[in-house]
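# Secondary and tertiary structure notes
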Amino acid sequence: MGKRTLILAFESSCDETSVAVIENGAIILSNVVATQIKSHQRFGGVVPEVASRHHIEQVTWCLNAAMQEAHVTYDDLTAVAVTYGPGLVGALLVGVAAAKAVAFAHHLPLIPVNHMAGHIYAARFVGEIKFPALALLVSGGHTELVWLKEEGSFVIIGDTRDDAAGEAYDKVGRVLGVAYPAGKELDAMAHRGRDTFNFPRAMLQEDNLDFSFSGLKSAFINAVHHADQVGEQLSRDDLAASFQQAVVDILVTKTTRALRQYPTTRQLILAGGVAANTGLRSQLTDAMRAFPRVELLQAPLKLCGDNAAMIGAAGTMLYRHGVRAGLDLNADPSLEFPYLDEIEK
Ligand code: KG4
Ligand code: ZN
């Protein structure tokens, strides 16, 4: 048996400080996540300075906890992986600095990981990724379709023109007085309600793979405000169900269109915070019956939100491809995969 690859991974791009130890890219020895949600809730969103301060306070504790829980020493480690973008610059910098310090002190290679590649590789804990693959990435900051022609290659073939799906959930949740982040609770409300509002599904007829959620968000807010003005009581559950059904219809329609445009796809990967949505998971599973040759790989529920295990899985793949960063690695808050038209040029 070959030597095992042990990756220590850091994630601090938004409001979760997380450190994990991953064996051979597929086994979680530890995955410690310290969430700051409570500190940001009263502001209705993530406050960057507050996030940064919490990361500084938490990162050493998370590191020690992850090493202990994994029962490994620094001598056992193969490399250190870290999210260097996209995200909040002050938040990213804490993880990057911590990872660099460990890499320097213990003479370990440093692997730079794109947070979005991390989300996709959360699915690696369910099974091998088979190429070519298509990923539907839905989170608080991103909603995109990513084409993975081969291992290590990520190209955006569809993107949101305005809000990300998770962002839309959080904004309409705020109107209903649901605490940030609102996705999970709206999902539960949606299950108790019915789609009675028939909100607009933007850009479904357009022959592209892009998304738009701002019209839906406005229609939702207008409906609530109008009812407030005329003193009408709307069913919150029906509002949530109608909103969710519109989001899911948009996501599933564009994803199946992409599968038809990319007929060599062997696997569809669903990942990102919104991938935890039960309506999306079940409707996408149903839609996949029309694509019997495509395997659906859904990120595990527990690994849909931000965590370092997914960064360790993507980091292991990059390590095997020889990707390394120097100790001058910097945070890149607006890091993105390349777009298809940039590649074609
Ligand atoms: O990937 P993530 O943890 O952080 C980012 O990288 O953005 O995604 C967080 C987003 C939030 O907008 C949250 O409301 C949404 O994921 N979310 C959900 C659900 N669980 C979390 N949205 C819909 N349904 C859910 N069950
Ligand atoms: Zn994320």
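Worth saying up front: this structure is predicted, and the values here are computed from it rather than measured.

Scoring rules and cut-offs
- Residues numbered from 1 in each chain as written.
- Chains lettered and ligands numbered in written order.
- Predicted model: local features only at pLDDT ≥ 70, side-chain atom pairs only at ≥ 80, totals over all residues.
- Heavy atoms only, no water.
- Helix = DSSP H or I, 4+ residues; strand = E, 2+ residues; numbered from the N terminus.
- Rg over C-alpha atoms; globule rule 2.2 N^0.38 Å.
- Buried < 20%, exposed > 50% of the residue type's maximum accessible area, 1.4 Å probe, protein only.
- Contact = heavy atoms within 4.5 Å.
- Areas by Shrake-Rupley, 256 points an atom, 1.4 Å probe, with all protein chains shown as cover.
- Lys, Arg positive; Asp, Glu negative; His and termini not counted.
- Charge placed at Lys NZ, Arg CZ, Asp CG, Glu CD.
- Near = heavy atom within 4 Å.
- Nonpolar A, V, L, I, M, F, W, Y, C, P; charged D, E, K, R; others polar.
- Arc of directions from axis to C-beta.
- Donors = N, O, S within 2.8 Å, 3.2 Å for Na, K, Ca; no water.
- Tetrahedral: all angles 85-135°; square planar, octahedral: opposite > 155°, others 65-115°.
- Axes fitted to C-alpha atoms, helices over the stretch in contact; angles between N-to-C directions.
- Parallel < 35°, antiparallel > 145°, perpendicular 65-115°, else oblique.

The helix and strand inventory of the chain stands at 11 helices and 10 strands. Radius of gyration (C-alpha) of the chain: 20 Å, near the 20 Å computed for a compact globule of 345 residues. A burial count over the chain gives 56% of its 345 residues as buried. Pairs at least 24 residues apart make up 74% of the contacts formed inside the chain by residues separated by at least 6 positions. Put simply, the chain shows about 15000 Å² of open surface, and 51% of that area lies on carbon and sulfur atoms. Considering the chain, the positive charge centre built from 29 side chains and the negative charge centre built from 38 side chains are found 4 Å apart.

Moving on, we come to the site of ligand 1. If you check the shell around ligand 1, you find 19 residues, and the closest are Gly140, Asp170, Gly183, Gly273 and Asn277. In isolation ligand 1 has 560 Å² of accessible area, and contact with the protein removes 85% of it. Of all the secondary-structure elements, those providing two or more residues to the shell around ligand 1 are helix H4 (115–121), helix H5 (165–175) and helix H6 (183–192). Its residues assigned to classes, the shell around ligand 1 comprises five nonpolar, 10 polar and four charged.

Those residues of H5 not exposed but buried are Ala165, Gly166, Ala168, Tyr169, Val172 and Gly173. Along the axis of H5, the buried residues cluster in a sector spanning 155°; they form a single face. The inward-facing, buried residues of H5 abut strand E6 (133–138), strand E7 (143–148), H6, helix H7 (214–230) and helix H8 (236–261). Of the residues one or two after H5, Gly177 is the one with positive phi, at around 75°.

Ligation of the zinc ion (ligand 2) by protein atoms is provided by His115 (NE2), His119 (NE2) and Asp306 (OD), these donors lying 2.0 to 2.2 Å from the ion. The coordination sphere of the zinc ion (ligand 2) comprises four donor atoms, whose angles at the metal cover 92 to 138°; the geometry is irregular. Between the donor residues of the zinc ion (ligand 2), the gaps in sequence give the motif H-x3-H-x186-D. One end of the pair, His119, is in helix H4; the other, Asp306, is in the loop between strand E10 (295–298) and helix H10 (308–320), with 187 residues separating them in the sequence. Note on accessibility: His119 and Asp306 belong to one class, buried.

Attention now moves to the packing of H6 against H8. To describe two helices that pack against each other, one gives the angle between their axes and the distance between the axes. Direction vectors running N to C along H6 and H8 enclose 105°, while the axes themselves pass 7 Å from each other. For the element pair H6 / H8, the angle class is roughly perpendicular. Residues Leu186, Asp187, Met189, Ala190, His191 and Arg192 of H6 pack against Arg236, Asp237, Ala240, Ala241 and Gln244 of H8. Partitioned by chemical class, the residues of the contact of H6 with H8 number five nonpolar, two polar and four charged.

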